[in-house]
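Summary of structural features
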Amino acid sequence: MEQNHLLTYLLLTPIAGSLLILFLKEENPKLIRWLGFLISIAAFIISLFVYFGFDASAADFQFQDKILWIKSLNVSYFVGVDGISLLLILLTTFLTPLTLLSSWKAIEKKVKMFTFMMLFLETGMIGVFMSLDMFLFYIFWEAMLIPMYFIIGIWGGEQRIYASVKFFIYTMFGSLLMLVAIIWLAVYASGPLGSFTTNLLDLYKVGPSVPREIQSWMFFAFLLSFAIKVPIFPLHTWLPDAHVQAPTAGSVILAGVLLKMGTYGILRFCLPLFPQSAVYYAPFISMLAIVGIIYGALVAMVQPDMKKLVAYSSVAHLGFVVLGIFAMTEEAVQGAVIQMINHGLSTGALFLLVGVIYERTHSREIAYYGGIAKLIPVYCAVLMITSLSSIGLPGLNGFIGEFLILLGSFKSSVLNSWWFTVFAASGVIFAAVYLLWMYQRVVFGTVKNPELQNKLTDMTARELIVIVPILIFIVWIGIYPSTFLDMTRLSTEKILRSVGSFTLSLVK
Amino acid sequence: MINFIYLTILLPLIGFLINGLFGSKIKNEKVIGIIGSAAVGLAFLVSLGAFFQTLGLPVEQRSNTVELFTWLNVAGLNIKFGYLVDQLSLVMSLIVTGVGFLIHVYSIGYMHGDKGYWRFFSYLNLFIFTMMNLVLGDNFLVLFLGWEGVGLCSYLLIGFWYDKRFEKGTVAQAAKKAFIVNRIGDFGFLLGMFLIYSTFDSLNFSEVFSKVQHFPVSETTFSLIAIFLFIGATGKSAQIPLYVWLPDAMAGPTPVSALIHAATMVTAGVYMVSRASIIFASAPAVMTIVAIIGLLTALFAATMGLVQNDIKKVLAYSTISQLGYMFLAAGVGAFSASIFHVMTHAFFKALLFLGAGSVIHAMHEQQDIQNYGGLKKYMPVTYLTFLTAALAISGFPGFSGFFSKDEILWYAFSNGNFIFWFIGVFTALLTAFYMFRLVSLTFYGEERFKHTQQHASEGRGEFENVPHPHESPKVMTVPLIILGILSVIGGFIGIPALFSGEGGNNFESWLEPIFKPAEEKLAYTGMYTHAQEILLMTISVAVALAGIYAAYYIYTKKPDIAGTMAKKFKGIYTLLFNKYYVDEFYEAAVVQPIQKGAEKILWKFTDTFIIDGIVNGAAKLIDKISGTIRKMQTGVAQFYAVIMMVGIAAVLLWLILGI
């Protein structure tokens, strides 16, 4: 296949830029901020080139770039994208400049370090989504933990140390098991393939032939690591702490992209590598997903802290994604992929919006606010649209994902019971409850707190520039999702084909 | 015009965008009001054009589809933004844009001086936009888009005066309640759609409905689909058990109550059931459930309407009750009677609400009818039009409500049974009674507001609050007059075959192609004579007149009777006045347990205590163990040497004994 280095350029742009930033003087935060922003914009533009060069009518990984890296282990630097990974890369490169722009005022100390970390993180995230070598994937997966750890630990809230350590240990624990599984698989592959390999495309061929019992272990070793990241109930308790303590930019990236790495991992590895186990355990995992949907929504409902509320809502939303993946019908998996993007946009925007008023008042307590509709009408209108997107109102993005997931799970032969959908659909009601209740308490009523009159000012031009692009996509996906669904169709079908034969045997 | 039907959707959207984005800059109320009204007025003209064009077509070509672009295309699911122009959707879109236009014009006067003027008109236009999607969509998903969209607009408009209080809570709470209760219904609707899709592989009306007639599908499946869809309808159309949001929805401005919570949105459930008539007809058991729920709701709401003192509350319960009639009709297979009542109800109930708005306006936002009285001479136009509407809803012969309600009662008897008919007639008696209680207390008798004003002025010296009742401006009264005329003559297009002879019922024959498959499936073969029809009609007329006279007598002639009766039947009165304590029951049985459970059991116990306890406990345990192990690292070389020796000895021992 013809070599194309575009993905490598994309991968290198943020990391090279971040190194460049290290040479700047800390005394000039303005220059640092602008440079960081421009670098992330450059990465976004490169990702657009990838998008326009991408052929949605081919199911293969495109823009493949491969260089032998560690000869003795047969490990390569091997990258490439299909529709799903490209979409997630676009989400990453889209959100990163926005978060940098949103931190213009919020991050005052150690601007240089912060910008460096954010760009470093971007490379890590892009790398995860484009790696086609398990070893390379693992490196990016772990590398990404480092900047996130620092972003929470340095620029976070009062309990940032507890939160960042909890985040680190939780995820580290999961990924170690994955490492063991990767090594085992690579060793196993040397049987049928003749040599030790971590090449994903080769491993796809041998994964299904792993004996059933061992395959279950492998499956769960991978799944655990991803499940913590998603997070799937009951592995979610790191998330509210990390979100609440992280600075706005950290929360946006955490919710917007990092959580998707878990669901992406399930889709990219767990399903095609271990299809028998995936099919076999699908009902069990879907059950956990549904518990997450309802549990997350109910706990979100009673949170006094806005950020924590949004954090728990993520547990519920990601539950939908997991359900969609394990329903293993085309509708559901397509819905799950688009729902990953939706959650990135809607929840990202919600965190940004909480950040906007937090910057002014330094409070995230719902009870502190009330009646702000009069004071900052533009903000409230934007918050309304974003909440509605998260609630899943038809015409906005959230509905497309939820509808496809529920529809697909309803007719799923893997799950083979309506009850999954019935319970999951009740989450649709609860989402309206917790978000509208929060909205009502924060926005409506009379201004209870006289302080607010002085402290609150409506959104600035910069803040609008951050949020409006997200709103555009919220409407775009809601009205014309084909732009995105068409991109992922063949990639989804390919994954489903790899598990398809095992689903059929189940039906029989 | 059929090909331009999308304009009826596009124009209100444009109106919404103009007023929504630039309204705060326009400032001029006239400009804002005219933009908002014109958008809907033009949409009405387009609908009218499409109607006449359709009328000119031969019957078999009267169903046309206009497709815009693909919305969702995944696997077997292919949903387009497609709009269906047929007999049913045309009736609905004429009602929505026509009555909608009049209410927009009325609002120009009613909302005068409100600081959210532009916001109000942009929301109203957004409502028309979503409602048109609902009635015109050619598949379940576009219908659902509109369905949820009107729910949103309802939420925004109920909460329009978001900083005000409403009864025991706030306006914002009422708005939230409406949205959430509706969502519970939508949950059913969604499941219905999933089941339709997994059974018929499509969500497109024409495809699904033709497959319904030919696919070998079990009655259980049909029953489930129908029951799920009906759950959706009970939410949107405020039927038992999900009706509780509608009385609270009265927290919104009165034109909103007229447009959304009386004439259009709340009839969406009736429309949906009628649209899916063939599915319901394939599930006879569910048909019976629909009829019974409708009947019970009609009766139950009417009893609550008897004792309410808030003018809008009376009308709200009346709306719930009338919607019950529509479901009764649908449940006995009389779909076109159901839609006929949707139409006449839109005329007279919109008129009642707008009239109430005119009164409220004149009385300085006073809504308690106990403080009205004798307003007849101050506001003659409002009075006459309100009276017309009251006569229409009570089923006074010749008025629109008479024809539509009587048709429903007739089918309740001929397709249903005597009990259906009897409860229906009894509810009609209650309807006539509570309506004329309202008319009497508002327009006749003593001018009670003078007492209250004197008390008020003596007590607090607030002279500026003294109401000087006056007629409303032309921009408000002209819509009243037009609706008044429609409330009278609107019934003539549906005169029963009994009177009109050969041609039969025009309205029914217009809709016939839509409901034919369902009617054939149901195949009601009751043989009844004209004599029976005349007899039943006579009874219902007598009942209506009795109700009207009784209310007039009690509340105008002998006002003390009402008080004595309330005292005598104190138990029943309190029960009715407190609306059977249903709200309190829901709060205690559903809302509180969920909220408390979520906080105490899920969050504080499961999340924080158990899961985090395990995580943090594990961390502590490792810390402890490593702390203990660390102590062994004493740094004393002799200690290490001893350990080493012990180790070697142990290994040697094991080797020797092992061999």
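Computed from a prediction, not measured in an experiment: that's the story for all the values here. (Residues numbered from 1 in each chain as written. Chains lettered and ligands numbered in written order. Predicted model: local features only at pLDDT ≥ 70, side-chain atom pairs only at ≥ 80, totals over all residues. Heavy atoms only, no water.)

Quick notes on the pairing of strand β1 (residues 64-74) of chain B
Residues and elements named next belong to chain B. The condition is simple: One requirement defines pairing of two strands: DSSP has to find at least two bridges between them. Helix and strand assignments follow DSSP, with helices taken as H or I runs no shorter than four residues and strands as E runs no shorter than two, numbered in order from the N terminus.
For β1 and strand β2 (residues 77-85), the ladder comprises 8 bridges, and the chain directions are antiparallel. Within β2, the position partnered with V66 by the bridge is Y83. Between β1 and β2, which pair antiparallel in sequence order, lie 2 residues; one of them, A75, sits at a positive phi of approximately 45°.

Regarding the interface of chain B and chain A
To keep it simple, the criterion reads: Only heavy atoms matter for contacts: two residues are in contact if any of them lie within 4.5 Å across the pair. Summed over both partners, buried area is the accessible surface (1.4 Å probe) that two parts give up on being assembled. Each reported salt bridge corresponds to a side-chain nitrogen of Lys or Arg within 4 Å of a carboxyl oxygen of Asp or Glu.
The partner chain A presents 60 residues to the 50 residues of chain B that form the contact. Taken together, the two surfaces of chain B and chain A that pack against each other cover about 4,900 Å², and 75% of this comes from carbon and sulfur. The largest share of the area that chain B buries against chain A comes from B:Y162, B:R183 and B:F194, three residues that together contribute 14% of it. Run the count over chain B and chain A and you get 2 salt bridges.

Concerning the pairing of strand β1 (residues 62-70) of chain A
Where a strand is regular, its side chains alternate between the two sheet faces. Bridge count between β1(A) and strand β2 (residues 75-81) of chain A: 6 bridges; the pairing is antiparallel. Bridge pairing in β2(A) links A:I67 to A:Y77.

So, the domain arrangement of chain B
To keep things clear, this is the line we draw: Where a domain begins and ends is set by an automatic assignment or by a domain database.
Each domain of chain B was delimited in the assignment, giving domain 1 (1-138), domain 2 (355-571) and domain 3 (584-658). With centres defined by C-alpha atoms, the gap from domain 1 of chain B to domain 3 of chain B works out at 64 Å.

Looking at the pattern of salt bridges
To be explicit about the condition: In this scheme, a residue with accessible area under 20% of its type's maximum is buried, one over 50% is exposed, and one in between is partly exposed, where area comes from a 1.4 Å probe on protein chains only.
Applying the stated criterion across every chain yields a total of 17 salt bridges over all chains. Between A:K411 and A:E331 there is a salt bridge whose closest N-O contact spans 3.1 Å. Remark: A:E331 occurs in helix α14 (residues 330-361) and A:K411 occurs in the loop between α16 (397-410) and α17 (419-443); sequence separation between them is 80 residues. What makes A:K411 partly exposed here is its relative accessible area of 33%. Shared partners join several salt bridges into a network, and the residues in it are A:K166, A:D241 and B:D612.

What about the packing of helix α3 (residues 83-106) of chain A against α14(A)?
Residue and element names in this part refer to chain A. Counted only if it meets this: For helices, the fitted axis covers only the stretch in contact; all axes are lines through C-alpha atoms, and the angles between them, taken along N-to-C directions, range from 0 to 180 degrees. Orientation labels follow simple angle bins: below 35 degrees gives roughly parallel, above 145 gives roughly antiparallel, 65 to 115 gives roughly perpendicular, and whatever is left gives oblique.
The geometry of α3 relative to α14 is characterised by a closest axis approach of 11 Å and an angle of 5° between their N-to-C directions. Here α3 is positioned roughly parallel relative to α14, judged by the angle of their axes. Here α3 contributes I84, L87, L88, L91, F94, L95, S102, K105 and A106 to the contact with α14, which in turn contributes V337, M340, I341, G344, L345, L352 and E359.

Topic: the state of the cysteines
Quick note on the threshold: In what follows, a disulfide is any cysteine sulfur pair within 2.5 Å.
All told, the structure shown has 0 disulfides over all chains when counted by the stated rule. With no disulfide partner, A:C380 has as its closest neighbouring cysteine sulfur the one in B:C153, 18 Å distant.

Digging into helix α15 (residues 377-391) of chain A
Residues and elements named next belong to chain A. Note the threshold: One less than the number of residues in a helix, times 1.5 Å, gives the span that helix is expected to have.
Here α15 contains 15 residues, and its C-alpha end-to-end distance of 21 Å stays within 8% of the 21 Å for a straight helix at 1.5 Å per residue. Counting buried positions over the 15 residues of α15 gives 11, a clear majority of the element. Turning to α15, its buried residues are Y379, C380, V382, L383, M384, T386, S387, L388, S389, S390 and I391. Backbone geometry just downstream of α15 places G392 in the positive-phi region, at approximately 90°.

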